[in-house]
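Remarks on the overall topology
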Amino acid sequence: PSACGSNMASVRRVLSAVAVKSVFLLLLAGLTVQEGEQIQPQNVPVQQEQQQLQQRQQQEQLQAQGQQPLQGQQVPRVQAYNVVPQQMMQQRAAMQPKIPGQLNDQAMVPLQQNPAANPPNMLLPLNNGQQNPQILQNGPVAVAQSINQQGNNLGALGGGGFAGGDGGGFGQDQDLKPHPGKVAAIDERNKKLVQKVQDVKREGMLPEMPKIPPRARNDPQMKVKLDGIPPKLAAPASANQRSGGKGHMRIADNLACHDDVQRLCSHNVRTNNFAILDCLQNDRPKDDDLSPQCHHFLWDYKRNLTKDIRFDQAAFEVCKDPLAKLPECSQLETGQGHVISCLMAHKGNISNQQCHQFLVKMTSIVFSDYRLVGHFVEDCQADIQKFQCGRVISRDEEHIHSQGVVINCLERHISEGQRMARACRMQLFRIAELSADDYHQDRALYFACRDDRERFCEKITAGEGKVLKCLVQHKFEHDMSDDCREKLVIRQRLVSEDYKVNYGLAKRCKEDIKHYHCRIEKMPEGKFAKLSFILLCLENAIQKGRHVSGECQGEMFDMRRQLMSDFQISPEIVLNCRGEIETLCTGLQKEGRTIHCLMQHGMDESKPGESRLGKACMDAVQALVKEADAGFDYRMDVALQDACEPVVQTACKDIKPGDAMILSCLMEHLYTPSMVEDCEAKLLELQYFISRDWKLDPRMYRKCSKEADRLCNSGPNWNETNDNLPPGIVFSCLYRHVYRKDEAKLSHACAFEVRRVMHQRAVDVRLNPMLEKACLKDLGEYCSENVEKGEEMHCLQDNYKNLSKQCRDKVGNFTQMSSQDLDLDRIFMMSCAPMIKRYCKDIVDKEEDDGMLLQCLIENKNEQEMNKKCAAGIMHMQLIQLKDYRFSFKFKEACKSDVVKYCRNIKNKADLVSCLSEIVRNDTLMENKHRISKDCRGQLRVELLDRGEDVRLDPKLMKECNSDVQQLCGDEQKGDARILECLKRHKKKLSKGCHIKLFNREREELTDNSVDYGFMRDCKPMVKRFCPHQDPKEVLQCLRKNKNNEFMDDRCRKAITHRQIEQAEDYRLDIELQKKCKKDVPKFCKEELAEGGTTELEGKVIACLKGKVGKNRLSPQCEDHIKFLMREAAMDYRMDPQLAQGCKDEMNQLCSEEMTNPETGSVEECLKKKFSEKKPMGKQCQTQVLRLLHEGKADIHVDPLLHQSCMLDIKHYCAGIPAGEGRQMSCLLEALEDNSVRLQKDCEDKLRGRVEMWEYAAKVAPPETLQELAVQISSSPMRNYFIFVICGAVVLVLCLGVLTGRMTKRVRAEIKNR
C-alpha cells in the first residue's frame, strides 16, 4: 500500500506540472493578439485572401527598400487576425536598431504601442518523435488517462520548456479517428479545426482561443483535446485592444537581439523564447554584455508580458482556490501585475500544486528586473534616489537592462543599518523572501557567483535554496571570488532582518514557528520577523524540552554557525562595533576570528579606553552569543571548533558530537596538559559571555528554570531577558540556595548542575561577573603583573586586607563558598588531584564536601609522597582562612554562636581561636563546666593542631619571632612543625617577645595534647595502640606510662621525652600537676610563685614541692605525682631543669660521653661518682648532686640504677615494706649489715658505694642552717637514731632545767626569809 500511495503521489505531481505547463504555454500563445485587433468570424475566405494580399504587398515594399522581410512575418496567419498595414509599419520601424544619440521619432512610441516588444510566441515543437501526439494534444486529462490505462513512462512528456529547459510544448498532431455517436457527422469538421490549431503551434503562432462550433462543444473527443485551457485565457476585445499591433516573432529573429542571440546562444535553443531569455540573462559571460538595444527590447518584452491582463486571468483560473482565500489579492486591479505579485508574496502559504508551479514559472520573468515587481518602484523611488542606487528610467530614454542592480544596492544599504522607508524595506524583504527558493532570482548574487557555483556546487541542483546554502558553506574558501563573497554577506544580512529570506529555515521550521507562536502581533519590525527573534523563540521551546522537528533544528544549527562565523551578517555587530573592529580587529574577518577578537577585548575591562569595547558593542556581542546559543553546541563557534578539535578528539572523544557536555569537558580540562593554548584562549573568550547569562548553559537551564523563576525572579522563558538584573545575579542567587536546608533549597538535579558550572567557572575570576565588576580596580592594582593564568583569585585573597570594601566583600563571599566546596578552587584541585586520590578518596566520593576534604589534605600535607605544588596550595588555603573565621566553613558553623557570645568583636581567625581556646583552657584547669560548645571545642582542636604545623599560621608568633627564625632556624624547612621545634630547642636564645609567645604556645599544646602537631605527628600510631579510648587532650599522660614498653615506637618515645622536659621547666605546663597540686602550690611555694612571670620558672615550683615530699605535708595525690616526676627525672637529667642548669659545665667536662645517652640515668650516676671521687665541681652543682643523693636515700626508686640492681633483693627481703620515706632503703641497709643475709653482688656493691657517697656528702656539705639540718636528718636512713638522740638531748635539757629551777627557787626563798 505504501508503494501504491507513493506512485499515486508521483502521478499527481506530474499531472499538476503538465497542467500548469499547458496553461502557461497556451497563455503565452494567447498573448500574441495585440491591441487594435478585432476578432472576426472564422472561416471567411475573403478575409483570408485580403490578409494574404496585404502580406505580399508589405513584403514587396520591404524588398523595394532593400531590406529583407522579417522571418516571423513570412508565416501565413490564421484568419482570426485582422491585419492593419499601418500597425505593421510601426512594428517595422520599432524593430530597427537604435543609434545612440540619434533621435528616432518612431522609436518614441508609448510602451503599450511597441509591437516589437510585445511577447511573441514561445511554443516550440517537441523534437522527440517517440511521443504520443494524441496524448500531448489532449492535455493533462488525456495524459492522466494514458497513464492510468497504459502505465506509460511519464518521461515521454519530455523536459520542461521553461527558462533554459530542453524545450517542451505540444507534439505534432495526427489524424483523429471518427468519434462514434450522435456527433459523428461533424467529426471531419472538428478534425480540421484541431488541425488549424496544430498548424499555428508549428508555425510559432497561436490565436487566443479557437472558436468551437456549438455542435462540437459537447464532443467528448474535442473536450479532451482542449481540457486544461482556462476559459479566461480567451481575452475579451477590450483586453485585445490594449496590446497594440501585431507582427510577432521569436526573440532570435528580432533585429535588436539578433546578433546577441547568434553570439551567445546555441542553435538548438533559438526557436524557444524562454530558452533564449535564460541564455541572455543567465548564461552569458560576465564580461560579455548585451547591446543596449537588446536590453531595451527584453525590458519591454517582459514588461508587456507581466502587465497583460491575461496573466491575471490565468492566475484566476489556475489559482482559483488560493485566490478565494486571499481577498487582498483577488480584489486587486487586473492588468497591472499586482495580482501576480500578491500571489508571489503568499507563495509559501499556497499548497495548490498547479498554482505553485505557475508562480514558480512567473518568478523567472518578474525577478529579472526590479521594475517588474508590483509596487516596488512606487515604494522605493525616494530611497533609490537617496542612496544613488539608480533612477526610474522612462521608456523613451536609453538605458541598460538593470538585472537587479538597484535591488542589490538597496539591500546593501539596508544590511549596513541605513535608515530606509518602511514601505521600501518591506518590498526588499518581500523580494528577498520570494527569491530565497532559487538563487537565480537574486540577479546580483547569481551573476556574481556563477563561476563559484560551478567551482564549489556543481552537483547541487537549483531550488529550495540549496545552491545558496552550498555557497555559504564555502564562503571562506580561498578560491571564492570577492564579489560573490560580498553578495553572500548582503544576503545573509537580509536573513538576519527577515528569517524568511532563508528558504530552508522558513520552510522546515514553518510548522514549529506556527505551533510555538513565534510570529506575534507585537513582533519587532512589524510583519517581518528578525532571525534572532525566531531563533530565540524556537530555542526556548527546545530548552523547555518541547518537540522541534529535526529538519528545523538542522536549519537552526546552520544559521547559528553562520552567525558565529562572520560578524558582517549580524547587523547589530556591524552597527555597534564598527569602531572597535576598525581599531582592534582589522583583517580578521575569516571564520569567526573577528568575533573572538571582540570577545578577547571585551573580557578585560581593566584595559585602557582605546583597547576596551564600548557598552553598545559589548551588548551586541552578548546578544550574538545568545542568538547563536553557542553554549548548546561548541560547533556553533567555528573558531572554537577549529582550535579545540585536537582536545575534543583526545580528552572528550567519548562524548557524542554536538552534545552540550563537550563544552563542559573542555572547561574541565582548562589549564591541564591536554589543553592547547589556542583552544584555551577561545574557550575563555566564549565562556566569558556565556557566564553573563545563566540560561546559556543548556543543562543547568533545563534543571533549574523553574527554581530560578521561583527563587530568583529570572522569568519563565529562555528567550526573555531582564535588563534590570545585573549579569550573573541569577546564577549567584541559585548558588546561594544550593546548601540551604529549608524549603528554599534547590532540587538535587539543579544543585548538581549549579555546582558543576560554578566549579568550571571558578578557574578564572573573569567568569564571575559580579566579582570581576567589584574587583576591576583591585585586579589592575595588585594582580596585573607576575600572576599566572587562573591565579587571580589567589592574588586577591593574598591581598585581602588591602582590597576595596566592595571587592573585599565579594572575595570574602567567594572564599566562604570555597571553604565549603573545595572544587571552587580549580587550580588547587588540579594540583592536588593525585594526592586526593591517594589520601582522601572516601571523602571526595561524597557529594557534599563541608570542608572535610581540605582537612584531610592538611593532615597529610607533610607526607613524603605529597607533591610540593599541592602542599603550597594547602598552605595558601590555611593562610587565607586566618584572615577571617568565616573562611573556614566547619569552624564557622561549629563556633558561630560561641563567637557571638564570648568573642563578638573579633573577626580575625587567629585572634578568635586564641580567645576561644583560652576560655576552654581556663575551664579545664578550674574543672568547671565548659562554656564553649562541644562542636566548637572539637573545631578549636583542629585549628590549633593546624596552627602548630607551621609558624606562619600563627601571625602573632611569626611577627614576634621572625628575626629569631631567620637567625636560629634559617636552615630549617618550613612546615611539619620544624620551625616551632627549632625555636623550642633554642628558647634560651630567643628574644623576650618571641619567648613569651612560644611559652604560651607550649601551654596550649600541653594543656590539650591533641593540638600539639609535632607530638601527634610522631605518636599518632602509638595513640591508637596504647590509648585508643583516652581523651585526645590527655594522651601524653597515657603514653608516659607506656614509654618504656617494648612496643613503643622510638620516634614517639623521643616526642614524649621532649614534652616531659618542657613540663619539668614550669608547673604550668603540666596540666595534671596543676590539678593534683592545685592547693599545695600556693600553700608551700609562695616565694617561687612570686618570681613567676610570662616565661618558665625553671622548675623552681616543682623543686619546692619535691622538698615537701616525705614530710606528710603535701596532699597525697600531689605527693604521689611529685614522686612520679622525681623518678622520671632520675632517668633523664633533662627533666631536672635545676640539675641541668647547675651542672651544665660539669656535665660537658666530666660526663660528655654519658650525655650521648641521657635517658638511662647514666649522667646522674656519672655526676655522683665524680662527686665521690672529689672531682672539682661548682658549689651549685655540688648542691644538686647532694640533692640527688638525699632524694635517693628517701626513695630508692629515685636512684634508678640502685633500684634496678637491688630489685630482686627488695622483692625477697623487703616485700612487705612500702616504698617511700626511706623504708625500703633502710631495709636494704639492715640486710647489708646482717651477715646472715646474702645480697646480690651488684646490689651489695652499689649499696656500699651509696653509703660512702652519703658519708662523704655529710663531710663535704654539713648543714649550714637548721632547716638544712632538718632536711638532712629527715632524708637520712639513720633519721630514727638521730631523732632518738635529739629527743634524749631535749629530755636531758628539760630535766636539768627542772632541777635548776627548783634550786633557784629555794635560794630565792632563803634570801627572802632572811
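The structure under discussion appears in the preceding block.
Residues numbered from 1 in each chain as written. Predicted model: local features only at pLDDT ≥ 70, side-chain atom pairs only at ≥ 80, totals over all residues. Heavy atoms only, no water.

Details of the overall build of the protein chain
Counting its secondary structure elements, the protein chain contains 68 helices and zero strands. Burial status across the protein chain gives 53% buried among its 1314 residues. Looking at the protein chain alone, contacts between residues at least 24 apart form 67% of all its contacts between residues at least 6 apart. Approximately 62400 Å² of the protein chain is accessible, and the part contributed by carbon and sulfur atoms is 50%. (Helix = DSSP H or I, 4+ residues; strand = E, 2+ residues; numbered from the N terminus. Buried < 20%, exposed > 50% of the residue type's maximum accessible area, 1.4 Å probe, protein only. Contact = heavy atoms within 4.5 Å. Areas by Shrake-Rupley, 256 points an atom, 1.4 Å probe, with all protein chains shown as cover.)

Regarding the pattern of salt bridges
Applying the stated rule across the entire model yields 64 salt bridges. A salt bridge links K682 to D678; its shortest N-O distance comes to 2.9 Å. Highlighted residues: K682 and D678, both in helix α33 (residues 677-690), separated by four residues, approximately one helical turn. Relative accessible area serves as the criterion here: at 16%, K682 is assigned to the buried category. Notably, a salt bridge pairs R1053 with D1050, separated by 2.6 Å at the nearest N-O pair. Highlighted residues: R1053 and D1050, both in helix α53 (residues 1050-1065), separated by three residues, approximately one helical turn. Taking relative accessible area as the criterion, R1053 reaches 16% and is therefore assigned buried. One connected set of salt bridges, linked through shared partners, spans E464, K469, K507, R508, E555 and D558. (Salt bridge = Lys/Arg side-chain N within 4 Å of Asp/Glu carboxyl O.)

A look at the packing of aromatic side chains
What the rule picks out here adds up to five aromatic pairs. With 5.2 Å between their ring centres and 80 degrees between their planes, Y688 and F689 make a pair best called edge-to-face. Given the relative accessible area of 1%, Y688 is considered buried. Its relative accessible area of 1% is what places F689 among the buried residues. Plain terms: the ring middles of Y800 and F887 are 5.2 Å apart, the flat faces sit at 80 degrees to each other, and that makes the pair edge-to-face. Pair noted here: Y800 is in the loop between α39 (792-798) and α40 (805-820) and F887 is in the loop between α44 (868-883) and α45 (889-902), with a separation of 87 residues, a long-range link. Each member of the pair, Y800 together with F887, is buried. Positioned above the aromatic ring of W718 is the side chain of K626, whose terminal nitrogen or guanidinium carbon lies 5.2 Å from the ring centre. The ring of Y839 carries R838 above its face, with NZ or CZ at 6.0 Å from the centroid. (Phe/Tyr/Trp six-rings, centres within 6.5 Å; stacked < 30°, edge-to-face > 60°. Lys NZ or Arg CZ within 6 Å of the ring centre and 35° of its normal.)

Here's the deal with helix α34 (residues 698-712)
With 15 residues, α34 ought to run about 21 Å at 1.5 Å a step, yet its terminal C-alpha atoms sit only 18 Å apart, falling short of that. Bending of α34 peaks at approximately 65 degrees at the position of C704. Within the sequence span of α34, burial applies to P698, M700, Y701, C704, S705, E707, A708 and C712. Where the residues of α34 are buried, they touch α25 (531-543), α35 (729-736) and α36 (748-761). Following α34 by one or two positions, N713 adopts a phi angle in the positive range, close to 55 degrees. (Expected span 1.5 Å × (residues − 1). Bend = angle between axes of the 7 residues up to and from the residue.)

Notes on the environment of L640
As for its placement among the helices and strands, L640 is situated in helix α31 (residues 638-651). Of the residues examined, L640 reaches a relative accessible area of 0% and is grouped as buried. Distance from L640 to E685, taken between C-alpha atoms, is 9.5 Å for residues 45 residues apart in sequence. Setting aside its immediate chain neighbours within four residues, L640 contacts H596, Y634, L663, C679, K682, L683 and L686.

Focus: α40
Taking 1.5 Å as the rise per residue, α40 with 16 residues should run 22 Å; its terminal C-alpha atoms sit 23 Å apart, in good agreement. Buried residues along α40 sit against α36, α37 (769-774), α38 (776-782), α39, α44 and α45.

Quick look at the nonpolar core
Counting residues in hydrophobic clusters, the biggest one holds 126 residues, and the most contacted among them are L410, L666, V754 and L796. Residues in contact with L796, not counting those within four places in the same chain, are V765, L771, C775, D778, L779, C783, L803, C807 and V811. Residues C1143, L1229, M1253 and Y1256 belong to the second largest nonpolar core, which totals 33 residues. (Core = buried A, V, L, I, M, F, W, Y, C linked by side-chain atoms within 4.5 Å.)

A word on a nonpolar patch on the surface
Where nonpolar side chains cluster on the molecular surface, the patch consists of Y1281, F1282, F1284, V1285, I1286, V1290 and L1294 and spans about 710 Å² of accessible area. Locating V1290 in the fold gives a position in helix α68 (residues 1279-1313). On the basis of relative accessibility, which here comes to 45%, the residue V1290 falls in the partly exposed class. (Patch = residues over 30% accessible without salt bridge, like charges linked within 9 Å, V, L, I, M, F, W, Y side chains within 5 Å.)

Thoughts on the side chain of T1007
Along the chain, T1007 falls in helix α50 (residues 992-1007). The contacts of T1007, once residues within four sequence positions are left out, are R921, K1033 and I1071.

Some details on the packing of helix α61 (residues 1162-1172) against helix α66 (residues 1241-1260)
Two elements in contact, α61 and α66, have axes separated by 10 Å at closest approach and are oriented at 60 degrees. The pairing of α61 with α66 is recorded here as oblique in orientation. Handedness of the crossing formed by α61 with α66: left-handed. Counted together, E1165, K1168, K1169, F1171 and S1172 of α61 and R1250, M1253, Y1256, A1257 and V1260 of α66 form the full contact between these two elements. (Axes fitted to C-alpha atoms, helices over the stretch in contact; angles between N-to-C directions. Parallel < 35°, antiparallel > 145°, perpendicular 65-115°, else oblique. Left-handed = near helix turned anticlockwise from the far one by under 90°.)

Some remarks on the side chain of D1209
On the secondary structure map, D1209 appears in helix α64 (residues 1207-1213). One buried charged residue, D1209, forms no salt bridge at all, with the nearest opposite charge on R1238 at 9.3 Å. (Lys, Arg positive; Asp, Glu negative; His and termini not counted.)

Thoughts on the state of the cysteines
One pass over the full model with this rule turns up 29 disulfides. With a sulfur-sulfur separation of 2.0 Å, C895 is cross-linked through a disulfide to C936. Disulfide C895 to C936: torsion about the S-S bond roughly 110 degrees, handedness right-handed. Of the two residues, C895 is situated in helix α45 and C936 in helix α47 (residues 934-949); the sequence distance between them amounts to 41 residues. (Disulfide = S-S within 2.5 Å.)

A closer look at unusual backbone geometry
Phi is positive for A977, close to 65 degrees, though the residue is something other than glycine. The backbone of K1174 shows a phi angle near 60 degrees, a positive value even though the residue is not glycine. As for its position among the elements, K1174 is in the loop between α61 and α62 (1179-1194). According to the relative accessible area criterion, K1174 is exposed, its value standing at 58%.

Section: the environment of C1104
Turning to its location among the elements, C1104 is positioned in helix α57 (residues 1100-1106). With a relative accessible area of 8%, C1104 lands in the buried category. Sequence separation between C1104 and V1081 is 23 residues, and the spatial gap between their C-alpha atoms is 8.5 Å. Beyond its immediate sequence surroundings of up to four residues, C1104 is in contact with F1084, C1085 and E1088.

A look at the packing of α34 against α36
As a packed pair, α34 and α36 sit with axes 9 Å apart at the nearest point and diverge in direction by 130 degrees. The angle between α34 and α36 falls in the class oblique. When the axes of α34 and α36 are compared, the crossing they make is left-handed. Contacts from R699, M700, K703, C704 and E707 of α34 reach α36 at A749, C750, F752, E753, V754, R756 and V757. By residue class, the composition of the contact of α34 with α36 is seven nonpolar, no polar and five charged. (Nonpolar A, V, L, I, M, F, W, Y, C, P; charged D, E, K, R; others polar.)

Brief notes about the environment of K1169
For K1169, the location among the structural elements is in helix α61. When the C-alpha positions of K1169 and G1249 are compared, they lie 9.1 Å apart, and in sequence the two are 80 residues distant.

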